[in-house]
Amino acid sequence: MNGCFKEIDGCIKTHIEATIAREKSQNIEDSIFFSSYTVGIKVFKDATKKLKKMLRQGNLETIRFLKDDAEHFVIQHHLDITPLSEEYAYLLRALLKAQIKINEAIISHFSNLYKNAHRADYLESRAEEIYHLVYFE
């Protein structure tokens, strides 16, 4: 594997780790939103299934949001990749795989929050934050 592919892999790995960490550390409002009974985890699972289907089908260069993500990623990480190159195709595939990994990690995290959201000990442990959220904002 040449240097550019290794560089892409390194950037993707950092991107996945940072995104998962950022999403898991979102504030209490997000935790309550995702762990409430009003939002089903199935919605997020279905979206991830669609991403997996896109990955299997190929033609990633036709997916608009993926092209936008790739453009932003190239700029953010100062990569020298041109559209329609082998590296660009590799990046599109890597970004889609990364989004699937991120989604699966976040689904797992929020599934656990969902299960805990209505347990008394969970509510007690978050009582001060919840009270502040409900009565002061």
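As the structure is a computational prediction, the values presented were derived from the model and not from experiment. Within each chain, residue numbers correspond to sequence positions counted from 1 in written order. pLDDT decides what is reported in this predicted model: residues at 70 or higher carry local features, side-chain atom pairs at 80 or more are listed and counted, and totals for whole chains, interfaces and linings draw on all residues regardless. Think of the side-chain values as coming from all heavy atoms in the structure, minus any hydrogens and water.

1. What to know about helix H4 (residues 64–76)
Taking 1.5 Å of rise per residue, 13 residues should cover 18 Å, and H4 covers 18 Å from first to last C-alpha, within 8% of that figure. Only DSSP runs of H or I covering at least 4 residues are called helices, and only runs of E covering at least 2 are called strands; the numbering of each starts at the N terminus. Where H4 terminates, the next one or two residues include His78, which has phi positive at roughly 55 degrees. The length a helix should cover is 1.5 Å for every residue beyond the first.

2. A word on the environment of Ala18
Note on placement: Ala18 falls in helix H1 (residues 3–24). The spatial distance from the C-alpha of Ala18 to the C-alpha of Ile102 is 9.8 Å, given a sequence separation of 84 residues.

3. Side note on the pattern of salt bridges
We define a salt bridge as a contact between a side-chain nitrogen of Lys or Arg and a carboxyl oxygen of Asp or Glu at a distance within 4 Å. Enumeration over the complete set of coordinates arrives at three salt bridges. Between Lys13 and Glu17 there is a salt bridge, and its shortest N-O distance comes to 3.8 Å. Of the two residues, Lys13 and Glu17 are both situated in helix H1; the distance of four residues between them amounts to about one turn of the helix. Type-normalised accessible area, obtained with a 1.4 Å probe on protein chains alone, sets the label of each residue: buried when under 20%, exposed when over 50%, and partly exposed for intermediate values. According to the relative accessible area criterion, Lys13 is exposed, its value standing at 52%. A salt bridge links Asp68 to Arg64, with the shortest nitrogen-to-oxygen separation between them at 2.5 Å. Of this pair, Asp68 and Arg64 are both found in helix H4, four residues apart, which corresponds to roughly one turn of the helix.

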